[in-house]
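Reading the structure
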Amino acid sequence: MGSQELATPSLDVVDFSDPDLPIIIADLHDTMIEKGGVGIAAPQIGVNLRIVMFGFEKNERYPNAEPVPLTILINPIIEFLDDVMEEGWEGCLSVPGLRGLVPRYKTIKYSGYNENGIQFNRTVSGFHARVVQHECDHLDGILYPQRIKDMRSFGFEDELNINNEKNEL
Ligand code: NI
């Protein structure tokens, strides 16, 4: 947080046959797994392209979150299907040690391309929708603290009394 790279909007992927693309995707995956994240965006590894990755199996660390399939989403577009929002705790690999309560649209439709340039879309809600909104914000140079409405709900993970919300987005 504070780096110019993370505050800069990213560029569309235009060539899905670029040999750098699988290298970037492998780097995203390795970084996400190594850091224990459930999502990551290309600007977080210093790549100024509109690529995000997210997904996890249900496990003991995330007892409250439904599993999200491992997904590579390129040039994403998010459609908000209604005005319903809900607040939830978020952390971020680029904002280590901190957590904040962030309002997000509850249900969204997202579309984009996979690593092979195949277009797809999904309509999702809850934590899945939250992860996608958080990661796509990275592509616009936005970090979750900018979305917090009440700064009293922002602080160090060790100080906040949050149960079972250890997700790093
Ligand atoms: Ni993040």
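On a predicted model such as this, the values are computed, not experimentally measured, just so you know.

With respect to the sheet that holds strand S2 (residues 51–56)
Pairing within the open sheet is antiparallel, and its five strands lie in the order S1-S2-S3-S6-S7. The open sheet has two free edges, formed respectively by strand S1 (39–41) and strand S7 (119–125), since each of these has just one partner strand. On average, adjacent strands in this sheet sit at an angle of 35° to one another, irrespective of strand direction. Relative to strand S3 (residues 68–80), helix H3 (residues 127–139) is tilted by about 70°, and along the sheet it contacts S1, S2, S3, strand S6 (107–113) and S7.

Quick word on the sheet that holds strand S4 (residues 85–90)
Read from one edge of the open sheet, three strands run S4-S5-S8, paired in antiparallel fashion. Single-partner strands in this sheet number two, and they are S4 and strand S8 (154–156). With strand direction ignored, the average angle separating the axes of adjacent strands in the sheet is 25°. Here six bridges tie S4 to strand S5 (residues 98–105), and the two strands are oriented antiparallel to one another.

Cut-offs applied
- Residues numbered from 1 in each chain as written.
- Predicted model: local features only at pLDDT ≥ 70, side-chain atom pairs only at ≥ 80, totals over all residues.
- Heavy atoms only, no water.
- Pairing = 2+ DSSP bridges.
- Helix = DSSP H or I, 4+ residues; strand = E, 2+ residues; numbered from the N terminus.
- Axes fitted to C-alpha atoms, helices over the stretch in contact; angles between N-to-C directions.
- Contact = heavy atoms within 4.5 Å.

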